[in-house]
Amino acid sequence: MSKIKFEKPFTQQEAIPEDAIAEAVKVMQSGRLHRYNLTPDEDGETNLLEVEYAEYQGSKYCLATTSGGTAMQIALRAVGAKPGDKILTNAFTLAPVPGAIAAVGAEPIFIETTQDLTIDLEDLEAKFKATGAKILLLSHMRGHIAPMEALCEIARTNNAVIIEDCAHTMGAEWNGIKSGNFGVIGCFSTQTYKHMNSGEGGFLTTSDPDLMAKATILSGSYMMYEKQLARPDMSDYAQARYEMPNCSSRMDNLRAAILRPQLKGLDHNIDRWNARYQVLEKAFQNTQGLRVRERPQNEKYVGSSIQFLIPGWPQDKIDQFVKNCSARGVELKWFGNANPVGFTSRYDSWTYAPKQSLEKTIDILMRIMDMRIPLSFTEEDCALIGTIINEEFTALHG
Ligand SMILES: *Cc1c(COP(=O)(O)O)cnc(C)c1O
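All of these numbers come straight from a predicted model, not from anything done at the bench.

A. Inspection of the sheet that holds strand β12 (residues 333-334) at higher detail. Ordered in space as β11-β13-β12, the three strands form an open sheet in which the pairing is antiparallel. The open sheet is flanked by β11 (305-309) and β12, the only strands paired with a single partner. Across five bridges, the pairing between β11 and strand β13 (residues 368-372) is antiparallel. Counted as the bridge partner of Ser305 is Arg372 from β13. The strands touched by helix α11 (residues 315-327) within the sheet are β11, β12 and β13, with β13 carrying the most contacts at an inclination of about 20°.

Written out as structure tokens, the structure is:
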């Protein structure tokens, strides 16, 4: 008997909502796509989106950008990152994170990864001491949030600032506080594979007027920031307007128009993601030999992807497992490959960073299997995927 297969694509997003499409058409009909191209009585889609996102986030200010990557680059410059600086970041993350550090001419120093897939606080403390670094670009990679009180205390005692990469934690919380509100700046992405979809796009949020003024000038405001609504007082720009270079990274009104209706549906979508996540989680918990992270009570997560750890198998067995799942329509991503494959890459393949060796992280990366959960999958789809993974794993593991 042939085995049951899963037939849907893993990269299919849901359609952009009809009301978002209608708003986008209005912007196109107006011809005023540039965020500062407004009539005197018009607020503008980008300005309104920033107000609404700041409110959602619970931050004072918000700046919409061209991508999550540019938000991080602007954030690093705003807090004063200089060429040659050592900047700490997670070893387990995706390429735009060390890429943002390299973009400002600084050096990424990687921190080890725990079994929970979060940043290793012992190694973080040791590397603050060893390097004297003053900036941590913290990646909440795949939505796993580290114990934030302890982490913030380590940064504080080392006189360092935290910038949070919330590409996978838009809408997530730790002890009732939204991710992105622990550090001085939070960075978000609205790229197609994240929690809202404008193709490309991002946000920078902060409650610090000076950082917001700097970030705005950095994003390329052509000195038209007065029209922005989620901004500090005009007097807060007095120095930034001369000191900060224009690194053109503005969001446009067309993308903002697509995002505003999506923001209204974000919390509902989080519930939908988590329902799917929990179906898969259960299947993995019922698979002898697989380890899935027990999510801490303190965390309100967004299950837009799921990870599990396999045992320390040799490479050929891992390849076989991925191949067997793929033959049944289930696409697993493995983070352990020495060569970058698709969106996964190992920290030691980023050769622009100084050579570093992180044994704990390598051990974890060799065992992580990763799967995005598109909302185009139903809970029944997730149950089938769970069954397939369970069967294929059990067949190899015994
Ligand atoms: C997607 C992503 C980003 C930002 O990506 P952009 O494509 O630049 O919007 C940042 N960090 C992580 C971990 C990501 O996956």
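B. Structural context of the pairing of strand β2 (residues 86-90). Burial within β2 is extensive, with four of its five residues counted as buried. Looking at chain direction, β2 and strand β3 (residues 107-111) are connected through five bridges and run parallel. Of the residues in β3, the one forming a bridge with Asn90 is Ile111. Note that the unit made of β2, helix α4 (residues 96-103) and β3 has a crossover that is right-handed. Two strands pair when backbone bridges link them, and β2 and strand β4 (residues 135-139) are joined in this way by two bridges, in the parallel orientation. Looking at β4, one finds that Thr89 is bridged to Leu137.

C. Here's a closer look at the state of the cysteines. In the structure shown here, the tally under the stated rule is zero disulfides. Not engaged in a disulfide, the cysteine Cys152 finds its nearest cysteine sulfur in Cys166; these two sulfurs lie 12 Å apart. Between Cys247, a cysteine without a disulfide, and Cys187, which holds the nearest cysteine sulfur, the sulfur-to-sulfur distance is 14 Å.

D. Structural detail: the packing of α11 against helix α13 (residues 379-397). In contact at an axis separation of 10 Å, α11 and α13 are set at 150° when each is read in the N-to-C sense. In terms of their interaxial angle, α11 and α13 are classed as roughly antiparallel. The chirality of how α11 crosses α13 is right-handed. Of α13, the residues touching α11 (which contributes Lys317, Gln320, Phe321, Asn324 and Cys325) are Ile389, Glu392, Phe393 and Leu396.

E. Summary view of the sheet that holds β3. With mixed pairing, seven strands are arranged side by side in an open sheet as β1-β9-β8-β5-β4-β2-β3. Two strands in the sheet have a free side with no partner beyond their single neighbour: β1 (61-65) and β3. Ignoring which end each strand starts from, the neighbouring axes of this sheet average 20° apart. Packing against the sheet, helix α3 (residues 68-78) makes contact with β1, β2, β4, β5 (161-165), β8 (185-189) and β9 (202-206), and its axis sits at approximately 165° to β8. Set on the sheet, helix α5 (residues 121-131) makes contact with β2, β3 and β4; between it and β3 the angle comes to about 145°.

F. Expanded view of the pattern of salt bridges. Counted by the stated rule, this structure contains 24 salt bridges. One salt bridge connects Arg328 with Glu391, and the closest N-O pair in it is separated by 2.9 Å. Of this pair, Arg328 sits in the loop between α11 and β12 while Glu391 sits in helix α13, and the two are 63 residues apart along the sequence. Across the pair Lys333 and Glu331 runs a salt bridge whose closest N-O atoms are separated by 3.9 Å. Owing to a relative accessible area of 37%, Glu331 belongs among the partly exposed residues under this scheme.

G. Main features of the layout of surface pockets. In this structure, the largest pocket encloses a volume near 570 Å³. As for the largest pocket, its lining consists of 37 residues, and the residues nearest its centre are Leu94, His168, Gln191, Tyr193 and Lys194. Sorting the residues of the lining of the largest pocket by element identifies α3, α4 and β8 as the ones contributing at least two each. Taken together, the residues that form the lining of the largest pocket break down as 17 nonpolar, 15 polar and five charged. Shared between two domains, the lining of the largest pocket takes at least three residues from each, and those domains are domain 1 (18-264) and domain 2 (266-397). Taken as a whole, the second largest pocket spans an internal volume of roughly 290 Å³. Lining the second largest pocket we find 18 residues, and of these Glu14, His195, Gln262, Asn269 and Leu375 sit closest to its centre. Contributing elements (two or more residues each) for the lining of the second largest pocket: α9 (253-264) and α10 (266-285). For the lining of the second largest pocket, the residue count by class is eight nonpolar, eight polar and two charged.

Criteria and cut-off values
Per chain, residues are indexed from 1 in the order of the written sequence. Selection of residues for local features in this predicted model requires a pLDDT of at least 70, selection of side-chain atom pairs for listing and counting requires 80 or more, and totals for whole chains, interfaces and linings are taken over all residues. For the side-chain quantities, the full set of heavy atoms in the structure was used; hydrogens and water were omitted. In this scheme, strands are said to pair when DSSP sees at least two bridges between them. The helix and strand labels rest on DSSP assignments: H or I over at least four residues marks a helix, E over at least two residues marks a strand, and numbering proceeds from the N terminus. Here a residue-residue contact requires only that any non-hydrogen atoms of the pair lie within 4.5 Å. Axes here refer to lines fitted to C-alpha atoms; in helices the fit is confined to the stretch in contact. Angles between the N-to-C directions go from 0 to 180 degrees. Each residue is placed in one exposure class: buried if its accessible area under a 1.4 Å probe, protein chains only, is under 20% of its type's maximum, exposed if it is over 50%, and partly exposed if it falls in between. Whether a crossover is right-handed depends on one test, that the path from the first strand over the helix to the second runs clockwise when the strands point away from the viewer. Throughout, a disulfide means two cysteine sulfur atoms within 2.5 Å of one another. Roughly parallel means an angle under 35 degrees; roughly antiparallel, over 145; roughly perpendicular, 65 to 115; everything else is oblique. By definition, any crossing whose near helix is turned counterclockwise from its far helix by less than a right angle is left-handed, and any crossing with a clockwise turn is right-handed. For this document, the term salt bridge refers to a Lys or Arg side-chain nitrogen within 4 Å of an Asp or Glu carboxyl oxygen. The pocket and cavity definitions rest on a 1 Å grid over protein atoms only: a 1.4 Å probe that fits but cannot leave marks a cavity, an open set with protein on both sides within 12 Å along at least five of seven lines marks a pocket, and residues lining either have an atom within 4 Å of a point. Grid points are joined across faces, edges and corners, and a volume is the space filled by probe spheres set on the points. By the convention adopted, Pro, Cys, Tyr, Trp, Phe, Met, Ile, Leu, Val and Ala count as nonpolar, Lys, Arg, Asp and Glu as charged, and the other residues, Gly among them, as polar. Bear in mind that the domain bounds are from an automatic or database domain assignment.

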